[in-house]
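Fold and geometry: a report
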Amino acid sequence: RRRIGVMTSGGDSPGMNGAVRAVVRMSIHMGCEAYAIFEGYEGLVNGGDLIKEMKWEDVRGWQSRGGTLIGTARCMPFMERWGRLKAAKNMVLRGIDALVICGGDGSLTGADKFRAEWPGLINELVETGELTQEQIEPYKHLNIVGLVGSIDNDMSGTDATIGCYSSLDRICSAVDDVFDTAASHQRGFVVEVMGRHCGWLALMASIATGADFVFIPEKPPRAEWEDQMCDIIKKHRSRGKRRSIVIIAEGAHDENLKKITANHVKDLLTNKLNLDTRVTVLGHTQRGGQACFYDRWLSTIQGVEAVNAILEATPETPTPVITIRENKIERSDLMEAVAMTKAVNAAIAAKDFDKAMQLRDVEFKE
Ligand code: F6P
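Please read these numbers as outputs of a predicted model, since none were measured by experiment.

Each helix and strand in the chain was counted, giving 13 helices and 11 strands. Compactness check: the chain gives a C-alpha radius of gyration of 23 Å against a globular reference of 21 Å for 366 residues, within 12% of the reference. For the chain, the spread of C-alpha atoms along the principal axes amounts to about 80 × 40 × 35 Å. When the 366 residues of the chain are sorted by exposure, 54% land in the buried category. For the chain, the share of sequence-separated contacts (at least 6 apart) that also reach a separation of at least 24 residues comes to 76%. With the model as given, the accessible surface of the chain reaches about 16,100 Å², and the carbon-plus-sulfur share is 50%. When the 45 positive and 50 negative side-chain charges of the chain are each reduced to one mean point, those points stand 4 Å apart.

Along the chain, the position of asparagine 143 falls in strand E5 (residues 143-148). Side-chain polar atoms of asparagine 143 contact the backbone oxygen of isoleucine 310, separated by 3.5 Å. Discounting chain neighbours no more than four positions away, the residues touching asparagine 143 are Arg2, Asp97, Ala98, Leu99, Ile310 and Ala313.

All right, on to the site of the ligand then. Lining the immediate surroundings of the ligand are Arg74, Ile151, Asp152, Met194, Gly195, Arg196, Glu250, His284 and Arg287. Arginine 74 is positioned such that a nitrogen or oxygen atom in its side chain is 2.9 Å from an oxygen atom of the ligand. Within the complex, the protein chains bury 77% of what would otherwise be the 400 Å² of accessible surface of the ligand. Partitioning the shell around the ligand into residue classes produces 2 nonpolar, 2 polar and 5 charged.

On to unusual backbone geometry, then. Only a minority of non-glycine residues have a phi that is not negative, and only a minority of peptide bonds are not trans. In this structure, the amide linkage connecting tryptophan 118 to the following residue, proline 119, adopts the cis form with an omega of 0°. Positive phi outside glycine occurs at glutamine 186, with the angle close to 55°. Even without being glycine, leucine 257 reaches a positive phi, approximately 70°. The residue leucine 257 is located in the loop between strand E8 (244-249) and helix H10 (262-273) in this model.

The next subject is the sheet that holds strand E7 (residues 213-215). If you walk across this open sheet you meet the 4 strands as E7-E8-E6-E9, and the pairing is parallel. At either margin of the open sheet sits one strand with a lone partner, and together these are E7 and strand E9 (277-281). The average undirected angle you get between the axes of adjacent strands in this sheet is 15°. In terms of strand pairing, E7 meets E8 through 3 bridges, oriented parallel. Within the sheet, the bridge partner assigned to valine 214 lies in E8 and is isoleucine 247. Taken strand by strand, helix H8 (residues 200-209) contacts strand E6 (188-193), E7 and E8, and its axis lies near 160° from that of E8.

Right, let's talk about the sheet that holds strand E2 (residues 33-37) for a bit. As summarised here, the arrangement of the 7 strands in space is E3-E2-E1-E4-E5-E10-E11, forming an open sheet in which the pairing is mixed. Every other strand in the sheet has two partners, leaving strand E3 (51-54) and strand E11 (328-333) as the edge strands with one partner each. Neighbour-to-neighbour, the strand axes of the sheet open up by a mean angle of 30°, direction not taken into account.

Okay, the packing of aromatic side chains next. Tallied over the entire structure, the rule returns 8 aromatic pairs. Ring geometry for tyrosine 165 versus tryptophan 200: centroids 5.3 Å apart, planes at 90°, classification edge-to-face. With a gap of 35 residues between them, tyrosine 165 in helix H7 (residues 164-185) and tryptophan 200 in helix H8 connect regions that are remote in the sequence. What makes tryptophan 200 buried here is its relative accessible area of 14%. Ring centres 5.1 Å apart and planes at 85° place the aromatic pair phenylalanine 215 and tryptophan 225 in the edge-to-face group. Here tryptophan 225 lies in helix H9 (residues 225-238) and phenylalanine 215 lies in strand E7, a separation of 10 residues in the sequence. Members of the aromatic cluster, joined through ring pairs, are Tyr41, Phe78, Phe114 and Trp118.

Definitions and limits used
- Residues numbered from 1 in each chain as written.
- Predicted model: local features only at pLDDT ≥ 70, side-chain atom pairs only at ≥ 80, totals over all residues.
- Heavy atoms only, no water.
- Helix = DSSP H or I, 4+ residues; strand = E, 2+ residues; numbered from the N terminus.
- Rg over C-alpha atoms; globule rule 2.2 N^0.38 Å.
- Buried < 20%, exposed > 50% of the residue type's maximum accessible area, 1.4 Å probe, protein only.
- Contact = heavy atoms within 4.5 Å.
- Areas by Shrake-Rupley, 256 points an atom, 1.4 Å probe, with all protein chains shown as cover.
- Lys, Arg positive; Asp, Glu negative; His and termini not counted.
- Charge placed at Lys NZ, Arg CZ, Asp CG, Glu CD.
- Polar contact = N/O pair within 3.5 Å; in protein donor to acceptor, adjacent residues only side chain to side chain.
- Near = heavy atom within 4 Å.
- Nonpolar A, V, L, I, M, F, W, Y, C, P; charged D, E, K, R; others polar.
- Pairing = 2+ DSSP bridges.
- Axes fitted to C-alpha atoms, helices over the stretch in contact; angles between N-to-C directions.
- Phe/Tyr/Trp six-rings, centres within 6.5 Å; stacked < 30°, edge-to-face > 60°.

Quick look at the structure:
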């Protein structure tokens, strides 16, 4: 019976537990054994109790639990070849030759690298006497499938990452709450949301809550933004708005890549518009907590598809990532999706913001 491993890696996101549950149950349904790798790549490198067989009941009720119940970690040894050798050895000893990894682009790139080094890694383990030829014989091919778990919705090639809608929901209700208190005092608020390189959460939240101004990394404001922002807010106030809300992605910057901070925006509203202004940093409340319906649904059907992809893979199949495009679950080429994601970040770093927006597939009209 085939043994399929599942792990979560990188920053947690709501829906990761739903993905693990789906992979475990679909593996069992398809006649395979399911193994959870605890604490991300650390579990793969250290083995032992961190690799555990999962039965159907072990994932009962996981849909409604936030975070990742099998843990996640940023694992340095896996970045090194010696760490990946240890991981390969653990996989062979446990009879696991297929892995479903739910994580962001960094974690999934690591997985593809691991696969690319296979079977070199296990051959080396035979040469050094750590494994025998007979032991590695059944495990000549490693299957990897990626699921994208990230609140930032920062992976190209998929319309939604597991977790992004839960996070957006949380941001919207937090901004709604801020609205109430802001309106009571006629205050200004600058709300900082997550998104190191990706402004999706900030942009969507600003549309959904009717914010006055938004800052995102892909489309920095033009040079005279300070006056522009103040004019817009003044205009909104003159129409009777009792509160002003500016949403800022944590990775926001100006056209010269100089960071724009929430405090700087606050000072502008205070000094130029004479608004009593506060800063609210939503922080990790955006990441923890229950998954919304969409993320439970997405993680479940993508987890099922991940197991199908494992069972249908050939040694020639490029490592797939399970995506959703125009509401259809698809298998895409993982490294193509990662390359496109990196291209957005490179466009931002090169100050080619039109290209960044184009790559994100967002049409911008002022
Ligand atoms: O999950 C992605 C992300 O939310 C980023 O937007 C944010 O910068 C980062 O995680 C923070 O993660 P941590 O606190 O785990 O380093």
